[in-house]
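Chain and residue survey
What follows is each chain in one-letter form.
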Amino acid sequence: MNAAREAVAAVVDPEIRVITIADLGILRSVEVEPDTGRVVVTITPTYTGCPAMDVIRADIRRALAVAGHPDAEVRTVHSPAWSTDWITDAGRAKLAAAGIAPPAPVRRDGVVPLTLAVRCPRCGSPETEQLSRFGSTACKALWRCRACSEPFDHVKAL
Ligand SMILES: [Zn+2]
């Protein structure tokens, strides 16, 4: 059971390959059905319509087959909806280490957050600007640092 969970938790996000689906917070549970012994994995998709989810489902099944569970089932639940707040601290650190600015925490209390919370992942400067709402994937926006002039991906807060 722990081996099954470890195998699933180690599956990397196909779009942001530096972090795992556990880091991303989309892995809800890994359970074994008592009757059949079958492993059932529950995930919550990230951004709606992210084509990466099909890849992730296939990668989970492959990882479990290698771990000795070829008949695993992957279920998808949409409620509660995933948000970037579910990305773990370890996941945020890995994003930053890869030069990707992690998403800012989303305020749930209705207070409009201060803008320009996006810091350059290379030099830490808050003097950044958005170049494009869409970066290398639909889940990321392209930003540039005014201090060091480096462009970088920023995972959009959701
Ligand atoms: Zn910079």
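Note that the structure is a prediction, hence the values are computed from the model and not measured. (Residues numbered from 1 in each chain as written. Predicted model: local features only at pLDDT ≥ 70, side-chain atom pairs only at ≥ 80, totals over all residues. Heavy atoms only, no water.)

**A short note on the coordination of the zinc ion**
Taken together, the protein ligands of the zinc ion are Cys120 (SG), Cys123 (SG), Cys145 (SG) and Cys148 (SG), with distances of 2.3 Å. If you look at the zinc ion, its four donor atoms make angles of 105 to 120° with each other, and the shape they trace is tetrahedral. Counting along the primary sequence, the residues that act as donors to the zinc ion give the motif C-x2-C-x21-C-x2-C. Of this pair, Cys120 sits in the loop between strand 4 (100-101) and strand 5 (128-132) while Cys145 sits in strand 6 (residues 140-145), and the two are 25 residues apart along the sequence. (Donors = N, O, S within 2.8 Å, 3.2 Å for Na, K, Ca; no water. Tetrahedral: all angles 85-135°; square planar, octahedral: opposite > 155°, others 65-115°. Helix = DSSP H or I, 4+ residues; strand = E, 2+ residues; numbered from the N terminus.)

**A short note on helix 4 (residues 89-97)**
In an α-helix there are 3.6 residues to a turn, and that puts residues three or four apart on one side. Within the sequence span of helix 4, burial applies to Gly91, Arg92 and Leu95. In a view along the axis of helix 4, the buried residues occupy a sector of 100°, so they form one face of it. For helix 4, the exposed residues set more than 90 degrees away from the buried face come down to Asp89 and Ala97. Packed against the buried residues of helix 4 are helix 2 (21-24), strand 4 and strand 7 (151-155). Looking one or two residues beyond helix 4, the residue adopting positive phi is Gly99, at roughly 80°. (Buried < 20%, exposed > 50% of the residue type's maximum accessible area, 1.4 Å probe, protein only. Arc of directions from axis to C-beta. Contact = heavy atoms within 4.5 Å.)

**Examining unusual backbone geometry**
The step from Ser79 to Pro80 runs through a cis peptide bond, and the omega angle for that step is -5°. Following the sequence through the fold, Pro80 ends up in the loop between strand 3 (73-76) and helix 4. With a phi angle near 65°, Ser149 is a residue other than glycine that sits in the positive phi range.

**Overview of the nonpolar core**
Val8, Ile21, Leu27, Val41, Ile43, Ile60 and Leu64 are the most contacted members of the largest nonpolar core, which has 27 residues in total. Per-element accounting of this core gives the leading share, five residues, to helix 3 (residues 52-66). What Ile60 contacts, discounting residues up to four positions off in sequence, is Val8, Val11, Ile21, Val41, Ile43 and Val74. Counting seven residues, the second largest nonpolar core, distinct from the first, contains Val118, Trp143, Cys145 and Phe152. (Core = buried A, V, L, I, M, F, W, Y, C linked by side-chain atoms within 4.5 Å.)

**A few points about the pairing of strand 6**
Sheet topology places strand 5 next to strand 6; four bridges connect them, and they run antiparallel. Its bridge partner being in strand 6, Glu129 is matched across the sheet by Arg144. As paired strands, strand 6 and strand 7 are joined by five bridges and run antiparallel to one another. In the strand pairing of strand 7, Arg144 is matched with Pro151. Hairpin connection of strand 6 to strand 7: five residues between the antiparallel strands, including Ser149 at a positive phi of 65°. (Pairing = 2+ DSSP bridges.)

**Quick notes on the sheet that holds strand 3**
Read across the sheet, three strands follow the order 1-2-3 without closing on themselves; strand pairing throughout is mixed. Two strands in the sheet have a free side with no partner beyond their single neighbour: strand 1 (27-32) and strand 3. Across this sheet, the average inter-strand angle for adjacent strands is 20°, counted without regard to direction. Direction of pairing for strand 1 relative to strand 2 (residues 39-43): antiparallel, over a ladder of five bridges. The partner of Val30 across the bridge, within strand 2, is Val41. Contacts from helix 1 (residues 2-9) reach strand 1 and strand 2 within the one sheet, and its direction differs from that of strand 1 by about 150°. Packing against the sheet, helix 3 makes contact with strand 2 and strand 3, and its axis sits at approximately 155° to strand 2. (Axes fitted to C-alpha atoms, helices over the stretch in contact; angles between N-to-C directions.)

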